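Residues per chain are reported as follows:
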Amino acid sequence: MPSTREIRRRIRSVKNINQVTRALEAVSASSVRKAQAAVLASRPYAQHAYDVLVNVAAQSTGVPLHPLLEVRPEVRCIAVLLITGDRGLAGAYNANIVRRAIRFVEQYERPVHWITVGRKGRDLIRRYLARLERDETAPSYLRDQRIVAEFSHLPADPDLGDIAQIARVVFDEFLTEPVDEVFIAYTNFINTVTQQPRVLPLLPLRPFEARSREIMELVEPEPEVRYRNRDYIYEPSAAAILNEIIPRFTELQILQAIRESLSSEHSARMIAMRNASESAESLGGVLQLEYNKARQLSITSEILDIVGGVEALRQAEED
Amino acid sequence: MPLEVEVVSRVRRLYHTDRADMVIIPGSEGEMGVLPNHTPLLTTLAFGELRIVEGKDVVSFVVYGGVVEVRPHKVTVLADDAESVYELDMGEIEAARKRARDLMAESPSEAQRAEIAQDLRRAEIAARVYSRVQGRGQRVRSLEDEES
């Protein structure tokens, strides 16, 4: 049985932890409301924009109407834009999306250029790459991976200006050799308790065809193109419109993915911290009980000592 | 068959209807009326007034750039920014206009100049749309009416 002082120390540290998790929970709860409002408000635009993009892309069979629509016959190398948080203490949030992205690239069997957003993603991918380096049995397409760009410390409410650089890197990667496809791995926000890590094809824009069932399971199909029209009238001209909307809409998709991820991160952190607070509270209760027992025990034994001592003295007197 | 029309800006969804008779779009190449069964079209938006005609009512918005996709039975307006005419506040518009003019007078840098010019254009378009709507004297339905 640990001493009462020992238990008291543990109670104190559990209480401290409880205070920290409570504070973090409160902070996340207020960010989550803001982030949720932002993500839900911009979702309709992003979805419609995506719809229009896919429709335009579906038209361009043969000669691509825009360089970002170019479907290359052979995929030599892919880029993955991985969106994670800068900080931990968000439950399995960061681990989940990174695990999904890694599972995806292992199935896809192509060399990867990673573009990471968020410090946690960068660190986890670095660790993964280091592990691969040591592993001599790893296939060559896996060993041929690197982080080409990393971003962190995005503002709490990012807008197009904040992600312009990320988008530029994505476009550059796709437009220069040897990257032939770009994917985006992010966490889709469903509600406060449910977030869904997903991998989406980003470039080139076209209905995605997976090569195998395993990949199919990992990559979200694009929203179905219900309206397949082959000929739009473009005003002023196809080139002018596509030059304007394709890069901009693609940027918006990236921004929306980041917003979804931010919302998910705050929610995940809030839930994780709430669970931690609850555990801390129940642990505190258990410890308090133990402390009371230990205290009672020591008092009882002290009384027994005294009573025993008194008894011994009296007997000595009687004798 | 009536038209379905959806107006969204980058920050929110402003309006949706599936019984419009006509949409008048401020395209970058000029104003354009779209009736049901219009041929598919993709155009960029200028700054201006977007009108949705529904029977006797006209729902009116100010849009500030963006893209419109027209399908035979659906028009999707993806505005960079937009507001309902009902949200326009002449006092605020005047203030914005004055602010932009004052800033312009302080000989700003090239980059700032473009931004201020944009704000000024915005305020001027909003003012023009506002007075035009007032001048028409037609019943302009607000979004609140729509909800009730």
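Criteria and cut-off values
Residues numbered from 1 in each chain as written. Chains lettered and ligands numbered in written order. Predicted model: local features only at pLDDT ≥ 70, side-chain atom pairs only at ≥ 80, totals over all residues. Helix = DSSP H or I, 4+ residues; strand = E, 2+ residues; numbered from the N terminus. Rg over C-alpha atoms; globule rule 2.2 N^0.38 Å. Buried ≥ 20, exposed ≤ 12 C-beta atoms within 10 Å, placed from the backbone. Contact = placed C-beta atoms within 7 Å. Domains from an automatic or database assignment. Pairing = 2+ DSSP bridges. Axes fitted to C-alpha atoms, helices over the stretch in contact; angles between N-to-C directions.

> For this particular structure, what's the right way to read the overall build of chain A?
Along its length, chain A carries seven helices and six strands. If you list the helices and strands of chain A from N to C, you get α-β-α-β-α-α-β-α-β-β-α-β-α. Computed over its C-alpha atoms, the radius of gyration of chain A comes to 29 Å, more than 25% above the 20 Å expected for a compact globule of 319 residues. Each principal axis of the C-alpha distribution contributes one length, and for chain A these read about 120 × 50 × 30 Å. Looking at chain A as a whole, 34% of its 319 residues are labelled buried. Once local pairs closer than 6 in sequence are excluded, the contacts in chain A between residues at least 24 apart make up 81%.

> Sorry if this is basic, but what is going on with the overall build of chain B here?
Within chain B, the secondary structure is distributed over three helices and eight strands. Going from N to C terminus, chain B has its helices and strands arranged as β-β-β-β-β-β-β-β-α-α-α. Rg of the C-alpha trace for chain B: 16 Å, near the compact-globule value of 15 Å for 148 residues, within the 12% margin. In terms of its C-alpha atoms, chain B occupies a principal-axis envelope of roughly 55 × 30 × 25 Å. For chain B, the residues scored as buried account for 30% of the 148 residues in total. When contacts within chain B are restricted to residue pairs at least 6 apart in sequence, those whose partners lie at least 24 apart make up 54%.

> Please explain the interface of chain B and chain A as it appears in this structure.
Taken together, the contact between chain B and chain A spans 20 residues of the former and 18 residues of the latter. Put simply, the parts of the chain that give the side of chain B that touches chain A at least two residues each are strand E1 (3-9), strand E5 (41-54), strand E6 (57-71) and strand E7 (74-79) of chain B. In terms of residue count, E5(B) provides more of the side of chain B that touches chain A than any other element does, four residues in total.

> I would appreciate a short explanation of the domain arrangement of chain A in the present structure.
One frequent convention defines the size of an interface as the accessible area lost when the parts assemble. Domain annotation of chain A identifies domain 1 (4-21 + 275-318) and domain 2 (32-273). Here the C-alpha centroids of domain 1 of chain A and domain 2 of chain A sit 56 Å apart.

> Just to check I follow, could you spell out the sheet that holds strand E4 (residues 181-189) of chain A for this structure?
All names here are of chain A. The strand order across the open sheet formed by five strands is E3-E2-E1-E4-E5, and the pairing between neighbours is mixed. Only two strands of the sheet have a single partner each, and these edge strands are strand E3 (145-151) and strand E5 (195-203). Mean inter-strand twist for the sheet, computed between neighbouring axes without regard to direction, equals 20°. Lying on the sheet, helix H5 (residues 160-175) is in contact with strand E1 (78-83), strand E2 (112-117), E3, E4 and E5; it crosses E2 at an angle near 175°.

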